[in-house]
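Chain by chain, the residues:
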Amino acid sequence: MTSETLGRRVRSGVSHTLLIIVAIAFLGPLVYAVSTSLKPADEVFTPTPHLFGSEIRWQNYADAFTFAPFGRYFLNSLFVAVAGTAVVVIASSLSAYAFARLQFRGREQLFVLFLGTLMVPQEVLIVPMYWLMQSLGWVDSYWALILPWAFTAFGTFLLRQFFLTVPAELEEAARVDGCGPFRSFLRIMLPLARPAIAVLTVFTFISFWGSFLWPLIIVNSVTDKGTVPLGLAQFVGQQGTQWNLMMAASILAMVPTVLLVILLQKHLVRGLLVTGLGGR
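These numbers come from a predicted model, not from an experiment.

Participant: Could you give an account of the domain arrangement of the protein chain, naming the residues involved and the relevant values?
Facilitator: Segmenting the protein chain into domains produces domain 1 (3-58) and domain 2 (60-277). Between the C-alpha centres of domain 1 and domain 2 there is a distance of 31 Å. Both sides of the domain 1 and domain 2 interface together cover about 900 Å² of buried area, and 64% of this is carbon and sulfur. If you sort the residues of domain 1 by the area they bury against domain 2, Ser37, Arg57 and Trp58 come out on top, with a joint share of 41%.

Shown next, in the form of structure tokens:
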């Protein structure tokens, strides 16, 4: 065995060991959450920590839905996340195509100004956004949960970078066949942009699904319009925190995002590889 081969094996072994350590560090909280969700309430905190309690209580998952209207929270979050993601994908794809392909005066300057909005923290916009929702009469409504954060520069930037990698010859051939800009966008650009759209879909869905601060401020009737993050807070009360039920509800809340990543995994991996590369 040569020294070069030995060095490669040592580096490979070290890198794999580090990856295993990082994987264990990330999986540790998840394993703890799952084990806590299956424990009886009086065995969550014990002097001697145990991975599992005296019994496996699958009933905790059913109790999580009866302790609070968690089913309602789940449906609210699903509706808000799906609708918000649809609006973001439609608006971002149209604006990204305009910035990438259409020629108009001040296009680059407008795009830089548009990207500048990414530097403004969401917390800074909370007060003016609430005033706007109040003036429109949208406080405590689904409109307020979906629309204020559905028009961001991130999706536009992501899809624009992908559109710039598409050869212009494809559009030129479409124009020769009689396609206008909008038809070229629907027939050529959108089908090619599926990987980038998958990336944007996953990021946006997770953002809407896990949003806590804005729903906490804009929702008054938590029982009716509350989302999953607000629903998880209902397990904390004056009589104490139902940790086993909260962990069970948290595990259930992870299911939609995990399923979405699994369904879009093929496009997601390709999209992460190609978005942001190249330029024209």
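Participant: Which residues make up the layout of surface pockets, and what are the values?
Facilitator: By volume, the largest pocket is sized at about 740 Å³. Lining the largest pocket are 30 residues, and of these Gln122, Pro148, Trp149, Phe151 and Thr152 sit closest to its centre. At the level of elements, α3 (70-101), α5 (122-136), α7 (153-163), α10 (194-209) and α11 (213-218) are the ones that each hand at least two residues to the lining of the largest pocket. Of the pockets and cavities examined, the second largest pocket occupies roughly 240 Å³. Along the wall of the second largest pocket there are 19 residues; nearest its centre are Ala100, Arg101, Leu102, Gln103 and Glu171. By residue class, the composition of the lining of the second largest pocket is eight nonpolar, three polar and eight charged.

Participant: I'd like a rundown of the environment of Leu118, residues and numbers included.
Facilitator: Mapped onto the elements, Leu118 comes out in the loop between α4 (107-116) and α5. Taking relative accessible area as the criterion, Leu118 reaches 46% and is therefore assigned partly exposed. Once the C-alpha coordinates of Leu118 and Val82 are considered, the two residues, 36 residues apart in sequence, prove to be 23 Å apart. Residue contacts for Leu118: discarding those within four places in its chain leaves Ala153 and Phe154.

Participant: Lay out helix α9 (residues 181-192) in plain terms, naming residues and giving numbers.
Facilitator: When the terminal C-alpha atoms of α9 are compared, their 15 Å separation across twelve residues agrees well with the 16 Å that a helix rising 1.5 Å per residue should span. Listed in full, the buried residues belonging to α9 are Ser184, Phe185, Ile188 and Met189. Each buried residue of α9 lies within a common arc of 125° when the element is viewed along its axis, so the set occupies one face. More than 90 degrees from the buried face of α9, the exposed residues found are Phe182 and Arg187. Tucked into the core, α9 has its buried residues touching α3, α7 and α8 (168-176).

Participant: How would you summarise the pattern of salt bridges if you had to cite specific residues and measurements?
Facilitator: Scanning the model with the defined rule gives five salt bridges in all. In this structure, the salt-bridge partner of Arg107 is Glu108, at a minimum N-O distance of 2.9 Å. Arg160 serves as the salt-bridge partner of Glu108, at 3.8 Å between the closest nitrogen and oxygen. Remark: Arg160 occurs in helix α7 and Glu108 occurs in helix α4; sequence separation between them is 52 residues. Via salt bridges that share partners, Arg72, Asp224 and Lys225 belong to a single interconnected network.

Procedures and definitions
- Residues numbered from 1 in each chain as written.
- Predicted model: local features only at pLDDT ≥ 70, side-chain atom pairs only at ≥ 80, totals over all residues.
- Heavy atoms only, no water.
- Domains from an automatic or database assignment.
- Buried area = accessible area lost by both parts, 1.4 Å probe.
- 1 Å grid on protein atoms, 1.4 Å probe; cavity = no way out; pocket = protein on both sides within 12 Å on 5 of 7 lines; lining within 4 Å.
- Points joined across faces, edges and corners; volume = space filled by probe spheres on them.
- Helix = DSSP H or I, 4+ residues; strand = E, 2+ residues; numbered from the N terminus.
- Nonpolar A, V, L, I, M, F, W, Y, C, P; charged D, E, K, R; others polar.
- Buried < 20%, exposed > 50% of the residue type's maximum accessible area, 1.4 Å probe, protein only.
- Contact = heavy atoms within 4.5 Å.
- Expected span 1.5 Å × (residues − 1).
- Arc of directions from axis to C-beta.
- Salt bridge = Lys/Arg side-chain N within 4 Å of Asp/Glu carboxyl O.

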